[in-house]
Amino acid sequence: MRKLLIAALMILGTSAAFAGDSDALKAILKAKTYDDAKQLLTQNLASLASAEEKAKAYNKLVDLSLDKVNKEQTVQAENQMTGGNKAVDEEGLYTAVGNAFADAAECDKYDQQPNEKGKVKPRFASKNADRLYTLRGQLINGGIYYQEKKDNDKAYKFLATYVDTASDPMFAAKDWKNAEKYVEYAMKDPEKAKDALSIKFAVMAAQLKTKEDSVAYAAKLEDMYRQDPNNDDILSFLAITYSQLDKDDQAIKILDERLAADPNNFAALNIKGQLLKQKDDYDGSIALLEKALPLAKDDNQRLQINADLGSAYFYKAQERVNNYKQQLSASAREQFSVVYRKAIDYLEAAKALDVTKEQKRKWAYALYGSYYFVKGPNAPETQAAAADAGVNP
């Protein structure tokens, strides 16, 4: 009898030790689509055997979402590299991004629970932190996308998720010291140095928590720039950082120093032009950006500068119209139209470069406003621009 009891206990013990996934989890893991897996998880959450199984199930949802994200990002990258115009499922892309972050949070909640021995041994935290951290920028893109769609609730959710994940414990565990160490190593390779430098700045910026941190970061950048005054990447990061700290005067001062040494420096012309536009100095901005435009190295830079020039001309005209106290005569309207037509020229150039219209927020509204003044609300050009801008003329 004792032998039978011991044998029975051994069998039970062996079964427990080698217990596989529950049937409910197996069904979820076999699902081929996100919707199917999500439905199965929702229906069977209470049936999953443990927190470990629940974490595994939610991680499956993350996997399926990221498959969709990778698919659409691959098409975007191919379009950019080849100048193609393959259709990108933007709605599906941002839905998948949102789902990935939401499901990763649920995965982490169960992943951090103690196992049957009372120990916490997360299986998915590090992996999800690595693959989702690089997608945080897509949360901003998604917020802008839904703003343009007039879906303010979704726009707010995406932007709020971006802010919240800045202090999320899942990302706080990232090893910044090692990241900086690897970046410094990569910078020794001439072929990787430029990209590595950008990563270095991103790593440094990602650790900023307070204004004092940001001020110290700016000081470190300026020290780096003084040691390498011909490095336009450092110059760009430094000027932008000063501007973000509301120190535009310091940003412009260092840009002026660069322009004094090199009057045709693209980075300094471009960034100072943008800063002056933000300060409503439209004539100063236009003079710099028109000088920078022929120096642009690729279509992305040309798109950005054409859009900035077009909007500078547009707001210059708007400002003058708003300050004009008399009723517009035909001759006065024509004088304003000259400026609006300059805006249209640059904005149409930006539109032509924006093949997929993914950056239409940079040119669409100003183009609509310019056509509205020059052509009137019912003109085909105005109607087309209104559709791009998402407004009713």
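Please read these numbers as outputs of a predicted model, since none were measured by experiment.

(A) The overall build of the protein chain, seen in detail. Scanning the protein chain from N- to C-terminus turns up 20 helices and 0 strands. Across the 393 residues that make up the protein chain, the buried fraction comes to 39%. Within the protein chain, counting contacts between residues at least 6 apart in sequence, those at least 24 apart form 57% of the total. Accessible surface for the protein chain amounts to roughly 22500 Å². Of this, 52% is attributable to carbon and sulfur atoms.

(B) Structural detail: the pattern of salt bridges. This structure, assessed with the given rule, holds 19 salt bridges. For Arg226, the salt bridge is made with Glu257, and the minimal N-O distance between the two is 3.0 Å. With a gap of 31 residues between them, Arg226 in helix H12 (residues 211-227) and Glu257 in helix H14 (residues 248-261) connect regions that are remote in the sequence. A residue is classified by how much of its surface remains accessible, and Arg226, at 43% relative accessible area, is partly exposed.

(C) Focus on the environment of Asn306. Of note, Asn306 is situated in helix H17 (residues 299-323). By relative accessible area, Asn306 is classed as buried at 7%. Residues Asn306 and Asp345 lie 39 residues apart in sequence; the distance between their C-alpha atoms is 8.7 Å. Residues contacting Asn306, with those up to four places away along its chain left out, are Leu293, Tyr346, Leu347, Ala349, Ala350 and Leu353.

(D) View of helix H4 (residues 51-82). Taking 1.5 Å of rise per residue, 32 residues should cover 46 Å, and H4 covers 46 Å from first to last C-alpha, within 8% of that figure. Where H4 ends, the next residue or the one after it, Gly83, has phi of about 75 degrees, a positive value.

(E) Geometry of H12. For H12, which comprises 17 residues, the first-to-last C-alpha distance of 25 Å matches the rise-based estimate of 24 Å (1.5 Å per residue) to within 8%. Within the sequence span of H12, burial applies to Ser214, Tyr217, Ala218, Leu221, Met224 and Tyr225. For H12, the angular spread of buried residues about the axis comes to 125 degrees, placing them on one side. Exposed positions of H12 whose direction lies more than 90 degrees from the buried face are Glu212 and Gln227.

(F) Structural context of unusual backbone geometry. With phi around 65 degrees, Lys150 is a residue other than glycine that occupies positive phi space. The residue Lys150 is located in the loop between helix H7 (136-148) and helix H8 (152-165) in this model. Given a relative accessible area of 55%, Lys150 falls into the exposed group.

(G) Looking closely at the layout of surface pockets. There is about 1100 Å³ of room inside the second largest pocket. Along the walls of the second largest pocket sit 36 residues, with Asp354, Thr356, Lys357, Glu358 and Gln359 positioned nearest its centre. Residue assignment for the lining of the second largest pocket shows that the elements contributing at least two residues are H4, helix H5 (90-111), H7, H17, helix H18 (330-353), helix H19 (364-375) and helix H20 (380-389). Looking at the lining of the second largest pocket residue by residue, the class counts come to 12 nonpolar, 12 polar and 12 charged.

(H) Region of the structure containing the nonpolar core. Grouped together as the largest cluster of nonpolar side chains are 53 residues, with contacts concentrated most on Leu255, Ile305, Leu309 and Leu367. With 8 residues, H18 is the single largest residue contributor to this core. Contact partners of Leu309, with chain neighbours within four places excluded, come to Ile286, Leu289, Glu290, Leu293 and Tyr346.

(I) Just the environment of Gln112, in detail. In this fold, Gln112 is placed in the loop between H5 and helix H6 (125-133). Judged by its relative accessible area of 36%, Gln112 is partly exposed. Taking the C-alpha atoms as reference points, Gln112 and Ala51, 61 residues apart in sequence, are found 8.8 Å from one another. If we ignore the near neighbours within four places in the chain, the residues touching Gln112 are Val120, Pro122 and Ala125.

(J) Representation of the packing of aromatic side chains. Scanning the entire structure with this criterion turns up 13 aromatic pairs. Taking the centre distance of 6.3 Å and the plane angle of 90 degrees together, the rings of Phe314 and Tyr365 count as edge-to-face. Of this pair, Phe314 sits in helix H17 while Tyr365 sits in helix H19; the two residues are 51 residues apart in sequence, bridging distant segments of the chain. Lying over the aromatic face of Phe373, Arg333 brings its terminal NZ or CZ to 4.4 Å of the ring centre.

(K) How the structure looks around the confidence of the model for the protein chain. With 83% of its residues at a pLDDT of 70 or more, the protein chain has an overall mean of 82. Across the protein chain, element-level confidence peaks in helix H16 (residues 282-292) with a mean pLDDT of 97 and bottoms out in helix H1 (residues 2-17) with 35. The model gives residues 1-19 a pLDDT under 50, and that stretch makes 0 contacts with residues more than four places away or in other chains. Ignoring residues within four places in sequence, the model shows residues 175-179, a span with pLDDT below 50, making 5 contacts including any to other chains.

(L) Molecular detail of the packing of helix H2 (residues 23-30) against helix H3 (residues 34-44). The N-to-C vectors of H2 and H3 enclose an angle of 165 degrees; their axes lie 8 Å apart at closest approach. Viewed along their axes, H2 and H3 adopt a mutual orientation that is roughly antiparallel. Crossing geometry of H2 relative to H3 is assigned as left-handed. Of the residues in H3, those in contact with Ala24, Ala27 and Ile28 of H2 are Ala37, Leu40, Leu41 and Asn44. For the contact of H2 with H3, a count of residues per class yields 6 nonpolar, 1 polar and no charged.

(M) Region of the structure containing the environment of Asp299. Mapped onto the elements of the fold, Asp299 is located in helix H17. Here Asp299 falls in the partly exposed class, since its relative accessible area comes to 43%.

Rules used throughout
- Residues numbered from 1 in each chain as written.
- Predicted model: local features only at pLDDT ≥ 70, side-chain atom pairs only at ≥ 80, totals over all residues.
- Heavy atoms only, no water.
- Helix = DSSP H or I, 4+ residues; strand = E, 2+ residues; numbered from the N terminus.
- Buried < 20%, exposed > 50% of the residue type's maximum accessible area, 1.4 Å probe, protein only.
- Contact = heavy atoms within 4.5 Å.
- Areas by Shrake-Rupley, 256 points an atom, 1.4 Å probe, with all protein chains shown as cover.
- Salt bridge = Lys/Arg side-chain N within 4 Å of Asp/Glu carboxyl O.
- Expected span 1.5 Å × (residues − 1).
- Arc of directions from axis to C-beta.
- 1 Å grid on protein atoms, 1.4 Å probe; cavity = no way out; pocket = protein on both sides within 12 Å on 5 of 7 lines; lining within 4 Å.
- Points joined across faces, edges and corners; volume = space filled by probe spheres on them.
- Nonpolar A, V, L, I, M, F, W, Y, C, P; charged D, E, K, R; others polar.
- Core = buried A, V, L, I, M, F, W, Y, C linked by side-chain atoms within 4.5 Å.
- Phe/Tyr/Trp six-rings, centres within 6.5 Å; stacked < 30°, edge-to-face > 60°.
- Lys NZ or Arg CZ within 6 Å of the ring centre and 35° of its normal.
- pLDDT = per-residue confidence, 0-100.
- Axes fitted to C-alpha atoms, helices over the stretch in contact; angles between N-to-C directions.
- Parallel < 35°, antiparallel > 145°, perpendicular 65-115°, else oblique.
- Left-handed = near helix turned anticlockwise from the far one by under 90°.

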